[in-house]
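# Notes for the structure review
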Amino acid sequence: MNNAVREAARLGRGATYLYLQTLLTILLTVLLFVVMIWKLTPQDFGAFAAVSVIYMLFQCLTSIGVHVGVVRFVAEHRARGESHLARAYASTAINIVLITIAVGLCTTLLLSHVIISFTRLYGYEYLLPPLLISLLFSTPMQLGYGLVQSLQDFSHLAVYRLTDQVLRKLIGISLLLLGYGIFGVLVGWIVGDGTAALLSILHAVRRLGYEATFSHIRALLAFSLPAYGARILTSFTIFLDRILLWLFIPAWMTAPLVRAEVGVYTVMATAAGFVIDLFSTPFFFAFYAGFAQEWGAAGLESVAGVFHYGSRYTLTVAIPAAILPTVIAPPAIASLLPSYSRGTAALVILMLAIAAAALLALSNSALYALGRSLDVLVATGIGVLCYFTTGALLIPNLLMNGAAIARFVGYVVSALAAALLLHRRRAFTLDGSGILRCLVAALAATVLTLAIVQATTALTFAGLVANLLVYGFVTLAGLLLYLVILSLIRFFRPEDAEFLQAYLPRRIAPFVIRVFRFLARQRK
């Protein structure tokens, strides 16, 4: 079997574990949000927003990117059989985080009165102690995830991440229902983050060992700080479209109209963000560690081979996920969320960014594995600059649709910049013919799905469950049409059967491969 195909399948399987974990996390988040809307006042929501920003800023400032850097060094040195170096880098990262956490907590405590005054948390001062406790675990949890990721124990990583989210959400929901308000949500944070941090770091220390050393701090920080800058920019882009709306929205719009415009767009951007995360975060977590291992064990050619096949199969999934919603989303929103129907165009534009986000995740993971974190920072910075410029030009005339286009442009430009920077190493290539066939199949399937959508809209379905079932059926029909068209335009190759054999569980693989051979018309 082709080693690159087998490795791509292994990493794809790891991404699947993380995909399922991310999907369950999104569902739990939606459930918590519904309970919060029911139980909290607008003033409580304002306080919660302030607490969330403090949490995110603290985690971002105290991690200084070592959770990204440690993945590369530990995976690379383990692949070379240099377990003592892997242990030294992991220990250095742990010791750095212990210091930054201590400094961060002391600073937060000393500035507590300033923080409360700036965020207007008057009357909510009782939230500060539980917030400080949750901050104690936030960055160690993030580092623990990075360490487990570097070991490529993807099933354990998915379990630890899911454990954190289940405890966070279920404890928060329970205490909200009992009347504890935001305090109950913070208790969920403490228990979830603390448990995940403990489990993940103990898992890594058991596998790697620990020593009190800072022996590789210079190399680790030299790589991690550019990654830290890229992460800050990426976090900023999550809210940049809303900021641009507030900055460049026309002066003739009254305050209620502005709030309504931003509110509708926020719902659409949040929904699209969840889906984009599904098709980017799991791939980054899995392929970054895998690429670093291949770089340490076999060198550039091996990384390039895994990247080629990884991009082929990732984009085979991401391209239809980006294009099919263009015909499914409008009638679905009109029937399920009629009050938000004017945000449909913005949602469709944002969903088109899925394929670019998937390519960006793969390209960034390869750049990180090769030690080129500065290139990731450059690609991210170029994308953010185009994002801001596009928003400033389009929002005054197109309003929320201009913000959506700006965010889409940011993803596309960042993905292209990262891919071009990666392509400077000539060994790295995308499967151009395969991507083109995926685009053709996705567009054809979308046109045929439009006919199915029009047929279903001619019928009347009463009730939420019935509508959800109808649109679920339409989505499945669109995906089936996509697979059939791929087979008709000769997308499938013999190595795809090898990929499926390595990717799927042994009990399922024979049946799926028989179906695949039927579609590919490659009978033995």
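For the structure itself, consult the block above.
Residues numbered from 1 in each chain as written. Predicted model: local features only at pLDDT ≥ 70, side-chain atom pairs only at ≥ 80, totals over all residues. Heavy atoms only, no water.

### Some points on the overall build of the protein chain
So the rule is basically this: By definition, any uninterrupted DSSP run of H or I lasting at least four residues is a helix, any uninterrupted run of E lasting at least two residues is a strand, and each is numbered from the N terminus. Note on method: radius of gyration uses C-alpha positions; expected globular size equals 2.2 Å times residues raised to 0.38. For every residue, the accessible area (1.4 Å probe, protein chains only) is compared with the maximum for its type, and the residue is labelled buried under 20%, exposed over 50%, or partly exposed between those bounds. Residues are treated as being in contact if the distance between any of their heavy atoms lies within 4.5 Å.
For the protein chain, the helix and strand inventory stands at 21 helices and 0 strands. For the protein chain, the C-alpha radius of gyration of 24 Å lies close to 24 Å, the compact-globule estimate for 524 residues. Counting over 524 residues, the protein chain shows a buried share of 53%. Sequence-distant contacts, at least 24 apart, represent 84% of the contacts inside the protein chain between residues at least 6 apart.

### A few points about the layout of surface pockets
Here is the rule we go by: Residues are called lining when one of their atoms sits within 4 Å of a cavity or pocket point, these points coming from a 1 Å grid over the protein atoms alone, where a cavity is a set in which a 1.4 Å probe fits but cannot get out and a pocket is an open set with protein on both sides within 12 Å along at least five of seven lines. Grid points are joined across faces, edges and corners, and a volume is the space filled by probe spheres set on the points. Note on residue categories: nonpolar means Ala, Val, Leu, Ile, Met, Phe, Trp, Tyr, Cys or Pro, charged means Asp, Glu, Lys or Arg, and polar means any other residue, Gly included.
Within this model, the second largest pocket holds a volume of roughly 420 Å³. Forming the boundary of the second largest pocket are 17 residues, of which Ile54, Leu57, Leu61, Thr108 and Ile115 lie nearest the centre. Contributions of two or more residues to the lining of the second largest pocket are made by helix H2 (42-63), helix H4 (83-110) and helix H5 (112-119). It is H2 that contributes the most residues to the lining of the second largest pocket, 7 residues altogether. Within the lining of the second largest pocket, the residues separate by chemical class into 11 nonpolar, 6 polar and no charged.

### A word on unusual backbone geometry
Here the phi dihedral of Leu399 falls at roughly 55°; this positive angle occurs in a residue that is not glycine. Of note, Leu399 is situated in the loop between helix H16 (373-398) and helix H17 (400-423). What makes Leu399 buried here is its relative accessible area of 17%. Located in the positive-phi region is Arg490, a residue other than glycine, with phi close to 60°. Position of Arg490 relative to the elements: it lies in the loop between helix H19 (464-488) and helix H20 (494-503). The exposure class of Arg490 is exposed, given its relative accessible area of 66%.

### A word on helix H12 (residues 300-323)
To keep things clear, this is the line we draw: Between the first and last residue of a helix there are one fewer steps than residues, each counted as 1.5 Å, and that sum is the expected span. The angle between axes fitted to the seven residues ending at a residue and the seven residues starting there is what we call the bend at that residue.
Helix length check: H12 (24 residues) gives 33 Å between terminal C-alpha atoms against 34 Å at 1.5 Å per residue, within 8%. Taken as a whole, H12 carries its principal kink of about 30° at Leu315. Most of H12 is tucked away, with 21 of its 24 residues classed as buried.

### Topic: the environment of Ile173
Its place among the elements puts Ile173 in helix H7 (residues 154-177). Note on Ile173: relative accessible area 9%, which makes it buried. Separated by 240 residues in the primary sequence, Ile173 and Val413 place their C-alpha atoms 39 Å from one another. When neighbours within four sequence positions are excluded, Ile173 is seen to be in contact with Leu31, Leu32 and Val35.

### A word on the packing of H12 against H20
Note the following rule: In this description, a line fitted to the C-alpha atoms serves as the axis of each element, helices being fitted only across the stretch in contact, and the angle between N-to-C directions of two axes falls anywhere from 0 to 180 degrees. Convention used here: angles under 35 degrees read as roughly parallel, angles over 145 as roughly antiparallel, angles from 65 to 115 as roughly perpendicular, and any remaining angle as oblique.
Packing of H12 against H20 leaves a shortest axis separation of 12 Å and a crossing angle of 85°. In terms of axis orientation, H12 runs roughly perpendicular to H20. Two secondary-structure elements touch here, H12 through Tyr309, Arg312 and Tyr313 and H20 through Glu495, Asp496 and Phe499.

### Considerations on the side chain of Arg161
Inclusion rule: Under the counting rule used here, the positive set is Lys and Arg, the negative set is Asp and Glu, and His together with the chain ends is not counted. Criterion for a salt bridge: a side-chain nitrogen of Lys or Arg within 4 Å of a carboxyl oxygen of Asp or Glu.
Checked against the element boundaries, Arg161 lands in helix H7. Here Arg161 occupies a buried position and makes no salt bridge, while the nearest side chain of opposite charge, Asp164, is found at 7.6 Å. Excluding its chain neighbours within four sequence positions, the residues that come into contact with Arg161 are Leu18, Gln21, Tyr145, Thr281 and Phe285.

### Some words on the packing of aromatic side chains
The line we're drawing: For this analysis, a ring pair means two rings from Phe, Tyr or Trp (six-membered ring only for Trp) whose centres lie within 6.5 Å, classed as stacked if their planes differ by under 30 degrees, edge-to-face if by over 60, and tilted for the remaining angles. A positively charged side chain is recorded as over a ring if its NZ (Lys) or CZ (Arg) lies within 6 Å of the ring centre. The angle to the ring normal must also be within 35 degrees.
Overall, the coordinates contain 19 aromatic pairs when judged by the stated rule. On the basis of an interplanar angle of 75° and a centroid distance of 5.5 Å, the ring pair of Phe307 and Phe428 is categorised as edge-to-face. Of this pair, Phe307 sits in helix H12 while Phe428 sits in the loop between H17 and helix H18 (432-457); the two residues are 121 residues apart in sequence, bridging distant segments of the chain. In terms of burial, Phe307 and Phe428 fall into one category: buried. Put simply, the rings of Phe73, Tyr89, Phe223, Phe284, Phe285, Tyr288 and Tyr368 touch in pairs and so form one group of aromatic residues. Between Lys39 and the ring centre of Trp38, over which it is positioned, the NZ or CZ distance is 4.6 Å. Here the guanidinium or amino end of Arg312 rests over the ring plane of Phe491, the centre of that ring lying 4.1 Å away.

### Details of the packing of H2 against helix H8 (residues 181-208)
To keep things clear, this is the line we draw: Definitions for this section: a left-handed crossing has its near helix turned counterclockwise from the far helix by less than a right angle. A right-handed crossing has that turn clockwise.
Viewed as axis vectors pointing N to C, H2 and H8 meet at an angle of 25°, and their least axial separation amounts to 10 Å. In terms of orientation, H2 lies roughly parallel with respect to H8. Viewed along their axes, H2 and H8 form a crossing whose handedness is right-handed. Facing H2, whose interface residues are Asp44, Ala47, Phe48, Val51, Ser52 and Tyr55, H8 presents Ile182, Val185, Leu186, Trp189 and Asp193.

### Details of empty space enclosed by the protein
Throughout the structure, instances matching the rule amount to 1 cavity of 30 Å³ or more. As a volume, the largest cavity reaches approximately 40 Å³. Forming the boundary of the largest cavity are Val51, Ile54, Ile116, Leu121, Tyr124, Glu125, Leu127, Leu128 and Leu131. Residue assignment for the lining of the largest cavity shows that the elements contributing at least two residues are H2 and helix H6 (128-150). Looking at the lining of the largest cavity residue by residue, the classes come out as 8 nonpolar, no polar and 1 charged.

### Remarks on the pattern of salt bridges
This structure, assessed with the given rule, holds 15 salt bridges. The shortest N-O distance in the salt bridge between Asp153 and Arg207 comes to 2.6 Å. Separated by 54 residues along the polypeptide, Asp153 in the loop between H6 and H7 and Arg207 in helix H8 bring together distant segments of the chain. Residue Asp153 is classed as buried on the basis of its relative accessible area of 15%.

### Examining a nonpolar patch on the surface
Counted only if it meets this: A patch consists of residues exposed above 30% relative accessible area that lack any salt bridge, with like charges linked at up to 9 Å and nonpolar side chains (Val, Leu, Ile, Met, Phe, Trp, Tyr) linked at up to 5 Å. Note that accessible areas follow from Shrake-Rupley with a 1.4 Å probe, and for residues the cover is restricted to the protein chains shown.
A contiguous nonpolar surface patch, about 620 Å² in accessible area, is contributed by Met56, Phe236, Ile238, Phe239, Ile243, Leu247 and Phe388. Per element, the largest residue contribution to the nonpolar patch is 5 residues, and it comes from helix H9 (residues 217-248). Mapped onto the secondary structure, Ile243 falls in helix H9. The class for Ile243 is partly exposed, based on a relative accessible area of 36%.

### As for the environment of Leu300
Position of Leu300 relative to the elements: it lies in helix H12. For Leu300, a relative accessible area of 24% puts it in the partly exposed group.

Everything listed here is a matter of geometry and, on its own, says nothing about what the molecule does.
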